[in-house]
Amino acid sequence: MDAAPFAPGQERPVFFAMCGDDCELFFERDQFNEKQQVEHRENRDLTSLLQVALMFMGKPADHVALFDTFLEPRWRGLLDTFNGLYRNICGPVVPLEHCHFYPHESFYPRAAADRTLGALAGLYMISGSNKAVHQSDQHWLISQAVNSKMRLAQDAPAYGIPTPETLLTTKGDLGGPEANAFLTRHNRQLMLKIKGLAGARNVTPVQGVAECESYLDLFDAGTEVVLQERLDTDEWTEMTVDLTVSDSNIEITNVRRILFADGLWVGNYLRDDLPLSDRHREALLNVGAYVRSLGYRAPEGLNCGIDYFTNGDDIRIIETNARWTGGLFPAWMRKRLKLGNRPTVSFFDSISVDRLAEYQAFAEAHLHRPGEQPFSAVPLGFSPYTFTMDGRELLFIWQMVIGDLEAFKQAKHSVLGPGEMATADKITLDF
(Lines give C-alpha, C1' and ligand atoms only; values in the text may rest on other atoms or scores of the structure.)
Protein backbone atom coordinates (compact mmCIF):
# COMPACT_ATOMS: atom_id res chain seq x y z
CA MET A 1 0.00 0.00 0.00
CA ASP A 2 1.63 3.24 -1.11
CA ALA A 3 -1.46 5.46 -1.24
CA ALA A 4 -3.62 5.81 1.89
CA PRO A 5 -4.56 8.08 4.83
CA PHE A 6 -1.14 7.54 6.38
CA ALA A 7 -0.60 8.96 9.86
CA PRO A 8 1.41 12.22 9.78
CA GLY A 9 5.11 12.18 10.48
CA GLN A 10 6.20 9.69 7.82
CA GLU A 11 9.94 9.39 7.21
CA ARG A 12 9.50 8.76 3.49
CA PRO A 13 8.59 11.66 1.18
CA VAL A 14 4.82 12.15 0.93
CA PHE A 15 2.77 13.63 -1.90
CA PHE A 16 -0.35 14.92 -0.13
CA ALA A 17 -3.42 14.84 -2.38
CA MET A 18 -6.70 15.57 -0.62
CA CYS A 19 -9.92 16.56 -2.36
CA GLY A 20 -13.66 16.15 -1.55
CA ASP A 21 -13.93 12.36 -1.47
CA ASP A 22 -16.73 11.37 0.89
CA CYS A 23 -19.69 11.21 -1.49
CA GLU A 24 -17.79 9.00 -3.91
CA LEU A 25 -16.94 6.53 -1.19
CA PHE A 26 -20.32 4.86 -1.75
CA PHE A 27 -21.88 6.65 -4.75
CA GLU A 28 -21.01 7.47 -8.37
CA ARG A 29 -20.78 11.19 -9.10
CA ASP A 30 -22.96 11.00 -12.22
CA GLN A 31 -25.72 9.48 -10.07
CA PHE A 32 -25.67 12.07 -7.25
CA ASN A 33 -29.04 13.45 -6.31
CA GLU A 34 -29.49 17.19 -5.75
CA LYS A 35 -28.59 16.96 -2.05
CA GLN A 36 -25.40 15.03 -2.77
CA GLN A 37 -24.36 17.48 -5.49
CA VAL A 38 -24.62 20.36 -3.03
CA GLU A 39 -22.78 18.41 -0.34
CA HIS A 40 -20.01 17.47 -2.76
CA ARG A 41 -19.41 21.13 -3.66
CA GLU A 42 -19.45 22.12 0.01
CA ASN A 43 -16.99 19.36 0.85
CA ARG A 44 -14.70 20.49 -1.98
CA ASP A 45 -14.72 24.00 -0.51
CA LEU A 46 -14.03 22.65 2.98
CA THR A 47 -11.19 20.44 1.75
CA SER A 48 -9.46 23.48 0.29
CA LEU A 49 -8.77 24.69 3.84
CA LEU A 50 -7.15 21.33 4.57
CA GLN A 51 -4.99 21.65 1.45
CA VAL A 52 -3.46 24.86 2.79
CA ALA A 53 -2.91 23.32 6.22
CA LEU A 54 -1.08 20.37 4.66
CA MET A 55 1.92 22.67 4.24
CA PHE A 56 2.54 22.53 8.01
CA MET A 57 1.52 18.88 8.29
CA GLY A 58 4.43 17.93 6.05
CA LYS A 59 8.21 18.33 5.88
CA PRO A 60 10.47 20.02 3.30
CA ALA A 61 10.80 16.82 1.23
CA ASP A 62 7.00 16.49 0.89
CA HIS A 63 4.70 17.87 -1.82
CA VAL A 64 1.12 19.19 -1.63
CA ALA A 65 -1.60 19.23 -4.29
CA LEU A 66 -4.01 22.21 -4.22
CA PHE A 67 -6.86 23.46 -6.37
CA ASP A 68 -5.71 25.78 -9.14
CA THR A 69 -8.09 28.46 -7.81
CA PHE A 70 -5.30 29.28 -5.35
CA LEU A 71 -3.30 30.61 -8.31
CA GLU A 72 -5.61 33.61 -8.68
CA PRO A 73 -3.59 36.69 -7.67
CA ARG A 74 -5.55 37.58 -4.54
CA TRP A 75 -5.24 34.01 -3.21
CA ARG A 76 -1.67 33.26 -4.24
CA GLY A 77 -0.42 36.13 -2.10
CA LEU A 78 -2.44 34.90 0.87
CA LEU A 79 -1.08 31.38 0.36
CA ASP A 80 2.45 32.81 0.52
CA THR A 81 1.51 34.60 3.75
CA PHE A 82 0.23 31.42 5.37
CA ASN A 83 3.34 29.50 4.37
CA GLY A 84 5.46 32.22 5.94
CA LEU A 85 3.42 32.13 9.16
CA TYR A 86 3.87 28.36 9.36
CA ARG A 87 7.64 28.70 8.92
CA ASN A 88 7.78 31.38 11.62
CA ILE A 89 6.23 29.18 14.28
CA CYS A 90 7.00 25.62 13.13
CA GLY A 91 10.32 25.86 11.35
CA PRO A 92 10.68 23.56 8.31
CA VAL A 93 7.41 22.95 6.43
CA VAL A 94 6.49 22.04 2.85
CA PRO A 95 8.01 24.80 0.69
CA LEU A 96 5.93 26.74 -1.80
CA GLU A 97 7.92 25.33 -4.70
CA HIS A 98 6.58 21.89 -3.72
CA CYS A 99 2.97 23.00 -4.15
CA HIS A 100 1.15 21.73 -7.26
CA PHE A 101 -2.06 23.24 -8.60
CA TYR A 102 -4.79 21.32 -10.46
CA PRO A 103 -8.41 21.88 -11.57
CA HIS A 104 -10.75 20.03 -9.23
CA GLU A 105 -12.24 18.13 -12.20
CA SER A 106 -8.89 16.48 -12.99
CA PHE A 107 -7.31 16.78 -9.55
CA TYR A 108 -6.44 13.14 -8.90
CA PRO A 109 -5.27 12.05 -12.38
CA ARG A 110 -2.94 15.06 -12.44
CA ALA A 111 -1.67 14.35 -8.93
CA ALA A 112 -1.09 10.68 -9.80
CA ALA A 113 0.95 11.70 -12.83
CA ASP A 114 3.09 14.17 -10.85
CA ARG A 115 3.81 11.99 -7.81
CA THR A 116 7.54 11.38 -7.67
CA LEU A 117 8.92 7.84 -7.71
CA GLY A 118 9.14 6.35 -4.22
CA ALA A 119 6.86 8.90 -2.55
CA LEU A 120 3.87 7.82 -0.52
CA ALA A 121 0.54 9.31 -1.59
CA GLY A 122 -1.13 10.84 1.45
CA LEU A 123 -4.90 10.71 0.93
CA TYR A 124 -7.70 12.11 3.08
CA MET A 125 -9.43 8.76 2.59
CA ILE A 126 -9.52 5.98 0.01
CA SER A 127 -12.52 6.53 -2.23
CA GLY A 128 -13.80 6.10 -5.75
CA SER A 129 -12.83 9.69 -6.52
CA ASN A 130 -9.11 9.04 -6.03
CA LYS A 131 -8.80 5.60 -7.63
CA ALA A 132 -6.35 7.13 -10.12
CA VAL A 133 -3.96 7.41 -7.15
CA HIS A 134 -4.62 4.29 -5.06
CA GLN A 135 -5.64 1.96 -7.95
CA SER A 136 -7.04 -0.66 -5.56
CA ASP A 137 -10.58 -2.01 -5.42
CA GLN A 138 -9.60 -4.03 -2.34
CA HIS A 139 -8.55 -1.00 -0.30
CA TRP A 140 -11.60 0.90 -1.53
CA LEU A 141 -13.82 -1.88 -0.15
CA ILE A 142 -11.95 -1.78 3.17
CA SER A 143 -12.49 1.99 3.33
CA GLN A 144 -16.20 1.50 2.67
CA ALA A 145 -16.42 -1.06 5.47
CA VAL A 146 -14.59 0.96 8.13
CA ASN A 147 -16.35 4.24 7.25
CA SER A 148 -19.80 2.64 7.14
CA LYS A 149 -22.23 3.59 9.90
CA MET A 150 -24.22 0.50 8.90
CA ARG A 151 -21.29 -1.90 9.21
CA LEU A 152 -20.44 -0.59 12.69
CA ALA A 153 -24.08 -1.02 13.74
CA GLN A 154 -24.00 -4.63 12.53
CA ASP A 155 -20.61 -5.58 13.98
CA ALA A 156 -20.50 -3.72 17.31
CA PRO A 157 -22.26 -6.34 19.49
CA ALA A 158 -20.04 -9.21 18.34
CA TYR A 159 -16.86 -7.18 18.89
CA GLY A 160 -17.91 -5.88 22.32
CA ILE A 161 -18.04 -2.26 21.12
CA PRO A 162 -20.36 -0.19 23.34
CA THR A 163 -22.74 1.96 21.27
CA PRO A 164 -26.00 3.78 21.94
CA GLU A 165 -28.95 1.47 21.30
CA THR A 166 -29.21 1.16 17.53
CA LEU A 167 -31.65 -0.05 14.89
CA LEU A 168 -30.51 -0.75 11.33
CA THR A 169 -33.41 -0.41 8.90
CA THR A 170 -34.32 1.09 5.51
CA LYS A 171 -36.27 4.12 4.42
CA GLY A 172 -39.10 1.84 3.24
CA ASP A 173 -39.39 0.19 6.67
CA LEU A 174 -39.44 3.38 8.76
CA GLY A 175 -43.22 3.19 9.12
CA GLY A 176 -43.13 -0.45 10.21
CA PRO A 177 -43.71 -1.84 13.70
CA GLU A 178 -40.02 -2.33 14.54
CA ALA A 179 -39.08 1.29 13.81
CA ASN A 180 -42.18 2.62 15.60
CA ALA A 181 -41.43 0.51 18.67
CA PHE A 182 -37.86 1.82 18.66
CA LEU A 183 -39.09 5.42 18.43
CA THR A 184 -41.53 4.86 21.27
CA ARG A 185 -38.94 3.19 23.50
CA HIS A 186 -36.65 6.20 23.19
CA ASN A 187 -39.40 8.80 23.60
CA ARG A 188 -38.98 9.78 19.96
CA GLN A 189 -35.52 11.23 20.66
CA LEU A 190 -33.26 9.64 18.05
CA MET A 191 -30.44 10.31 15.63
CA LEU A 192 -30.90 9.33 11.98
CA LYS A 193 -27.79 8.42 9.98
CA ILE A 194 -27.26 7.54 6.33
CA LYS A 195 -24.20 7.10 4.15
CA GLY A 196 -22.67 10.38 3.10
CA LEU A 197 -20.31 13.15 4.01
CA ALA A 198 -18.23 13.85 7.09
CA GLY A 199 -18.58 16.79 9.45
CA ALA A 200 -22.06 15.85 10.79
CA ARG A 201 -23.66 15.82 7.32
CA ASN A 202 -26.28 13.07 6.90
CA VAL A 203 -26.57 12.75 10.67
CA THR A 204 -29.62 14.52 12.08
CA PRO A 205 -31.89 14.45 15.17
CA VAL A 206 -35.41 13.17 14.52
CA GLN A 207 -38.57 12.76 16.58
CA GLY A 208 -40.79 10.70 14.30
CA VAL A 209 -41.28 8.88 11.03
CA ALA A 210 -42.48 12.03 9.22
CA GLU A 211 -39.22 13.84 10.01
CA CYS A 212 -37.23 10.82 8.81
CA GLU A 213 -39.13 10.60 5.55
CA SER A 214 -38.82 14.34 4.93
CA TYR A 215 -35.05 14.21 5.45
CA LEU A 216 -34.80 11.21 3.11
CA ASP A 217 -37.06 12.67 0.44
CA LEU A 218 -34.43 12.43 -2.34
CA PHE A 219 -33.42 8.84 -1.50
CA ASP A 220 -35.10 5.64 -2.62
CA ALA A 221 -36.98 3.17 -0.40
CA GLY A 222 -34.02 0.79 -0.16
CA THR A 223 -31.69 3.39 1.38
CA GLU A 224 -30.08 1.98 4.53
CA VAL A 225 -30.85 3.96 7.67
CA VAL A 226 -29.37 3.83 11.16
CA LEU A 227 -31.66 4.97 13.97
CA GLN A 228 -29.74 5.49 17.18
CA GLU A 229 -30.62 6.48 20.73
CA ARG A 230 -29.95 10.20 21.17
CA LEU A 231 -27.79 10.68 24.25
CA ASP A 232 -28.59 13.58 26.57
CA THR A 233 -25.76 16.09 26.18
CA ASP A 234 -26.44 17.38 29.69
CA GLU A 235 -25.15 14.01 30.89
CA TRP A 236 -22.86 12.87 28.06
CA THR A 237 -19.85 14.64 26.54
CA GLU A 238 -19.00 14.19 22.85
CA MET A 239 -15.35 13.43 22.22
CA THR A 240 -13.12 12.20 19.42
CA VAL A 241 -9.69 10.63 19.10
CA ASP A 242 -7.26 9.78 16.33
CA LEU A 243 -5.62 6.38 16.25
CA THR A 244 -2.57 5.26 14.32
CA VAL A 245 -3.24 1.70 13.17
CA SER A 246 -0.27 -0.27 11.90
CA ASP A 247 0.43 -3.96 11.33
CA SER A 248 1.98 -4.27 14.79
CA ASN A 249 0.54 -1.47 16.93
CA ILE A 250 -2.52 0.63 17.71
CA GLU A 251 -1.83 4.01 19.31
CA ILE A 252 -4.11 6.82 20.52
CA THR A 253 -2.39 9.95 19.23
CA ASN A 254 -4.71 12.71 20.44
CA VAL A 255 -7.94 13.32 22.35
CA ARG A 256 -10.34 16.19 21.61
CA ARG A 257 -13.63 17.55 22.86
CA ILE A 258 -16.17 18.44 20.17
CA LEU A 259 -17.31 22.08 20.00
CA PHE A 260 -20.71 23.16 18.70
CA ALA A 261 -22.23 26.51 17.72
CA ASP A 262 -25.94 26.79 16.92
CA GLY A 263 -26.13 22.99 17.13
CA LEU A 264 -23.47 22.45 14.44
CA TRP A 265 -19.95 21.10 14.78
CA VAL A 266 -17.45 23.95 14.38
CA GLY A 267 -14.22 22.62 15.84
CA ASN A 268 -12.37 21.13 18.78
CA TYR A 269 -11.09 21.82 22.26
CA LEU A 270 -7.66 20.29 22.85
CA ARG A 271 -5.12 19.87 25.61
CA ASP A 272 -2.93 16.93 26.61
CA ASP A 273 -4.70 16.18 29.89
CA LEU A 274 -8.26 15.71 28.60
CA PRO A 275 -9.80 12.79 30.51
CA LEU A 276 -9.15 9.32 29.15
CA SER A 277 -9.86 6.67 31.77
CA ASP A 278 -8.54 3.12 31.60
CA ARG A 279 -12.00 1.97 30.54
CA HIS A 280 -12.18 4.59 27.78
CA ARG A 281 -8.70 3.67 26.55
CA GLU A 282 -9.52 -0.04 26.52
CA ALA A 283 -12.73 0.54 24.53
CA LEU A 284 -11.01 2.82 22.00
CA LEU A 285 -8.10 0.45 21.44
CA ASN A 286 -10.64 -2.35 20.97
CA VAL A 287 -12.23 -0.30 18.18
CA GLY A 288 -8.76 0.03 16.68
CA ALA A 289 -8.41 -3.76 16.79
CA TYR A 290 -11.81 -4.04 15.09
CA VAL A 291 -10.91 -1.76 12.17
CA ARG A 292 -7.59 -3.57 11.81
CA SER A 293 -9.50 -6.87 11.60
CA LEU A 294 -11.36 -5.39 8.61
CA GLY A 295 -8.02 -4.90 6.86
CA TYR A 296 -7.42 -1.24 7.72
CA ARG A 297 -3.70 -1.34 8.44
CA ALA A 298 -0.30 -0.60 6.92
CA PRO A 299 3.32 -0.86 8.14
CA GLU A 300 3.57 2.95 8.10
CA GLY A 301 0.40 3.35 10.18
CA LEU A 302 -2.97 4.63 8.99
CA ASN A 303 -5.02 7.37 10.63
CA CYS A 304 -8.41 6.42 12.05
CA GLY A 305 -10.80 8.75 13.87
CA ILE A 306 -13.33 7.57 16.46
CA ASP A 307 -16.29 9.67 17.62
CA TYR A 308 -17.67 8.76 21.04
CA PHE A 309 -19.55 9.98 24.12
CA THR A 310 -18.48 9.70 27.76
CA ASN A 311 -20.41 9.91 31.01
CA GLY A 312 -17.98 9.48 33.85
CA ASP A 313 -16.26 6.16 33.19
CA ASP A 314 -18.95 5.03 30.75
CA ILE A 315 -18.39 5.27 26.99
CA ARG A 316 -20.46 4.91 23.81
CA ILE A 317 -18.85 4.66 20.36
CA ILE A 318 -20.88 6.36 17.61
CA GLU A 319 -18.67 6.38 14.50
CA THR A 320 -15.42 5.13 12.99
CA ASN A 321 -13.61 7.08 10.27
CA ALA A 322 -10.92 5.47 8.11
CA ARG A 323 -9.50 8.83 7.11
CA TRP A 324 -7.87 11.99 8.31
CA THR A 325 -10.04 14.06 10.63
CA GLY A 326 -10.41 17.83 10.92
CA GLY A 327 -9.06 17.71 14.47
CA LEU A 328 -5.88 15.91 13.39
CA PHE A 329 -4.52 19.17 11.96
CA PRO A 330 -4.67 21.32 15.12
CA ALA A 331 -3.51 18.31 17.16
CA TRP A 332 -0.42 18.05 14.94
CA MET A 333 0.16 21.81 15.17
CA ARG A 334 -0.03 21.55 18.96
CA LYS A 335 2.54 18.76 18.85
CA ARG A 336 4.88 20.85 16.69
CA LEU A 337 4.50 23.80 19.10
CA LYS A 338 4.89 21.57 22.22
CA LEU A 339 1.80 23.10 23.85
CA GLY A 340 1.21 20.34 26.41
CA ASN A 341 -1.70 21.26 28.67
CA ARG A 342 -2.23 24.79 27.35
CA PRO A 343 -5.92 24.94 26.36
CA THR A 344 -6.46 25.26 22.63
CA VAL A 345 -9.57 25.85 20.52
CA SER A 346 -9.70 25.28 16.77
CA PHE A 347 -12.72 26.30 14.69
CA PHE A 348 -13.92 27.19 11.21
CA ASP A 349 -14.99 30.80 10.72
CA SER A 350 -15.33 33.48 8.05
CA ILE A 351 -13.91 36.90 7.25
CA SER A 352 -14.95 39.57 4.74
CA VAL A 353 -12.71 39.63 1.68
CA ASP A 354 -12.31 43.39 2.03
CA ARG A 355 -10.99 42.92 5.61
CA LEU A 356 -8.26 40.44 4.67
CA ALA A 357 -5.45 42.96 5.17
CA GLU A 358 -6.65 43.69 8.72
CA TYR A 359 -7.02 39.96 9.40
CA GLN A 360 -3.46 39.27 8.24
CA ALA A 361 -2.11 42.09 10.42
CA PHE A 362 -4.10 40.75 13.38
CA ALA A 363 -2.82 37.20 12.79
CA GLU A 364 0.80 38.35 12.57
CA ALA A 365 0.48 40.54 15.68
CA HIS A 366 -0.87 37.68 17.80
CA LEU A 367 1.01 34.79 16.20
CA HIS A 368 2.10 32.20 18.71
CA ARG A 369 5.50 32.76 20.27
CA PRO A 370 7.23 31.02 23.19
CA GLY A 371 6.36 32.48 26.57
CA GLU A 372 3.23 33.26 28.50
CA GLN A 373 0.62 35.51 26.85
CA PRO A 374 -3.12 35.85 27.54
CA PHE A 375 -3.69 34.26 24.14
CA SER A 376 -1.95 33.58 20.87
CA ALA A 377 -3.37 32.69 17.48
CA VAL A 378 -2.42 30.31 14.69
CA PRO A 379 -4.19 30.58 11.31
CA LEU A 380 -4.55 26.99 10.07
CA GLY A 381 -5.99 27.50 6.59
CA PHE A 382 -8.33 29.36 4.24
CA SER A 383 -10.56 28.60 1.26
CA PRO A 384 -10.40 30.42 -2.10
CA TYR A 385 -14.10 29.74 -2.71
CA THR A 386 -15.99 32.77 -1.45
CA PHE A 387 -19.67 33.14 -0.60
CA THR A 388 -22.04 36.05 -0.10
CA MET A 389 -24.02 36.82 3.04
CA ASP A 390 -25.76 40.07 4.02
CA GLY A 391 -24.26 41.75 0.97
CA ARG A 392 -20.68 40.88 1.94
CA GLU A 393 -18.22 38.64 0.10
CA LEU A 394 -16.76 36.24 2.66
CA LEU A 395 -14.20 33.47 2.73
CA PHE A 396 -13.80 30.60 5.14
CA ILE A 397 -10.80 30.57 7.47
CA TRP A 398 -9.58 27.97 9.93
CA GLN A 399 -8.33 29.39 13.20
CA MET A 400 -6.59 28.05 16.30
CA VAL A 401 -6.54 30.02 19.56
CA ILE A 402 -4.17 29.13 22.38
CA GLY A 403 -5.00 30.33 25.88
CA ASP A 404 -7.78 32.80 26.73
CA LEU A 405 -10.54 32.55 24.11
CA GLU A 406 -12.46 35.50 25.56
CA ALA A 407 -9.36 37.71 25.30
CA PHE A 408 -9.03 36.63 21.66
CA LYS A 409 -12.64 37.63 20.99
CA GLN A 410 -12.14 41.08 22.53
CA ALA A 411 -8.95 41.65 20.54
CA LYS A 412 -10.43 40.62 17.20
CA HIS A 413 -13.50 42.81 17.84
CA SER A 414 -11.31 45.85 18.42
CA VAL A 415 -9.31 45.24 15.21
CA LEU A 416 -11.81 43.67 12.82
CA GLY A 417 -15.08 45.10 14.08
CA PRO A 418 -18.46 43.41 14.59
CA GLY A 419 -19.61 40.64 12.28
CA GLU A 420 -16.12 39.36 11.46
CA MET A 421 -15.22 35.85 12.63
CA ALA A 422 -18.75 35.58 13.98
CA THR A 423 -18.52 31.88 14.82
CA ALA A 424 -15.85 32.59 17.44
CA ASP A 425 -18.37 34.70 19.34
CA LYS A 426 -20.75 31.72 19.55
CA ILE A 427 -18.22 29.34 21.08
CA THR A 428 -18.36 29.06 24.86
CA LEU A 429 -16.14 26.90 27.06
CA ASP A 430 -18.62 26.37 29.88
CA PHE A 431 -17.09 23.12 31.11
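Relevant structure appears above.
The text that follows walks through the structure, step by step, so that each part is easy to find. Computed from a predicted model, the values in this text were never measured in an experiment.

The rules behind the values
Residues numbered from 1 in each chain as written. Predicted model: local features only at pLDDT ≥ 70, side-chain atom pairs only at ≥ 80, totals over all residues. Heavy atoms only, no water. Core = buried A, V, L, I, M, F, W, Y, C linked by side-chain atoms within 4.5 Å. Buried < 20%, exposed > 50% of the residue type's maximum accessible area, 1.4 Å probe, protein only. Helix = DSSP H or I, 4+ residues; strand = E, 2+ residues; numbered from the N terminus. Contact = heavy atoms within 4.5 Å. Pairing = 2+ DSSP bridges. Axes fitted to C-alpha atoms, helices over the stretch in contact; angles between N-to-C directions. 1 Å grid on protein atoms, 1.4 Å probe; cavity = no way out; pocket = protein on both sides within 12 Å on 5 of 7 lines; lining within 4 Å. Points joined across faces, edges and corners; volume = space filled by probe spheres on them. Nonpolar A, V, L, I, M, F, W, Y, C, P; charged D, E, K, R; others polar. Salt bridge = Lys/Arg side-chain N within 4 Å of Asp/Glu carboxyl O. Polar contact = N/O pair within 3.5 Å; in protein donor to acceptor, adjacent residues only side chain to side chain.

**So, the nonpolar core**
Next up, step 1: Residues Phe56, Met333, Phe382 and Phe408 are the most contacted members of the largest nonpolar core, which totals 118 residues.
Next up, step 2: Of all hydrophobic cores here, the second largest spans 15 residues; its members include Ala179, Leu190, Leu192 and Cys212.

**A look at the environment of Leu66**
Next up, step 1: Mapped onto the fold, Leu66 is located in strand S3 (residues 63–67).
Next up, step 2: According to the relative accessible area criterion, Leu66 is buried, its value standing at 0%.
Next up, step 3: In the structure, Leu66 is positioned 38 residues away from His104 in sequence and 8.7 Å away in space, judged by C-alpha atoms.
Next up, step 4: Excluding residues that lie within four positions of it along the chain, Leu66 makes contacts with Gln51, Val52, Leu79, Cys99, His100, Phe101, Tyr102 and Phe107.

**Quick notes on the sheet that holds strand S8 (residues 203–206)**
Next up, step 1: Pairing is antiparallel across the open sheet formed by four strands, whose spatial order is S6-S9-S7-S8. Strands with a single pairing partner mark the edges of an open sheet, and in this sheet they are strand S6 (166–170) and S8. Averaged over all pairs of adjacent strands, the angle between their axes in this sheet comes to 25°, without regard to strand direction.
Next up, step 2: Sheet contacts for helix H7 (residues 149–159): S6, strand S7 (190–193), S8 and strand S9 (224–229); angle to S9, the most-contacted strand, approximately 60°.

**Comments concerning empty space enclosed by the protein**
Next up, step 1: A complete count under the given rule lists three cavities of 30 Å³ or more for this structure.
Next up, step 2: Approximately 60 Å³ is the volume attributed to the second largest cavity.
Next up, step 3: Lining the second largest cavity, in full, are Lys149, Leu152, Ala153, Thr163, Thr166, Lys193, Val226, Gln228 and Ile318.
Next up, step 4: Sort the elements by how many residues they give to the lining of the second largest cavity and H7 lands first, with three residues.
Next up, step 5: A per-class count over the lining of the second largest cavity returns four nonpolar, three polar and two charged.

**What to know about H7**
Next up, step 1: Of the residues making up H7, those classed as buried are Lys149, Met150, Leu152, Asp155 and Ala156.
Next up, step 2: Looking at the residues trailing H7, positive phi occurs at Gly160, about 70°.

**Considerations on the pattern of salt bridges**
Next up, step 1: In this structure the tally under the stated criterion is 19 salt bridges.
Next up, step 2: Among the ionic pairs, Asp45 bridges to Arg44, the shortest N-O distance being 2.8 Å.
Next up, step 3: The class of Arg44 is buried, set by a relative accessible area of 16%.
Next up, step 4: Across the pair Lys195 and Glu224 runs a salt bridge whose closest N-O atoms are separated by 3.2 Å. Of the two residues, Lys195 is situated in the loop between S7 and S8 and Glu224 in strand S9; the sequence distance between them amounts to 29 residues.
Next up, step 5: Taking relative accessible area as the criterion, Lys195 reaches 25% and is therefore assigned partly exposed.
Next up, step 6: On the basis of relative accessible area, Glu224 is assigned to the partly exposed category, the value being 32%.
Next up, step 7: Because the salt bridges share partners, they merge into one network encompassing Arg279, Asp314 and Arg316.

**Section: the side chain of Ser383**
Next up, step 1: Tracing the backbone shows Ser383 in the loop between strand S16 (375–382) and strand S17 (387–389).
Next up, step 2: A relative accessible area of 0% places Ser383 in the buried class.
Next up, step 3: Only 2.9 Å separates the side chain of Ser383 from the side chain of Ser48, close enough to count as a polar contact.
Next up, step 4: The residues contacting Ser383, other than those within four sequence positions of it, are Asp45, Ser48, Leu49, Leu395 and Phe396.

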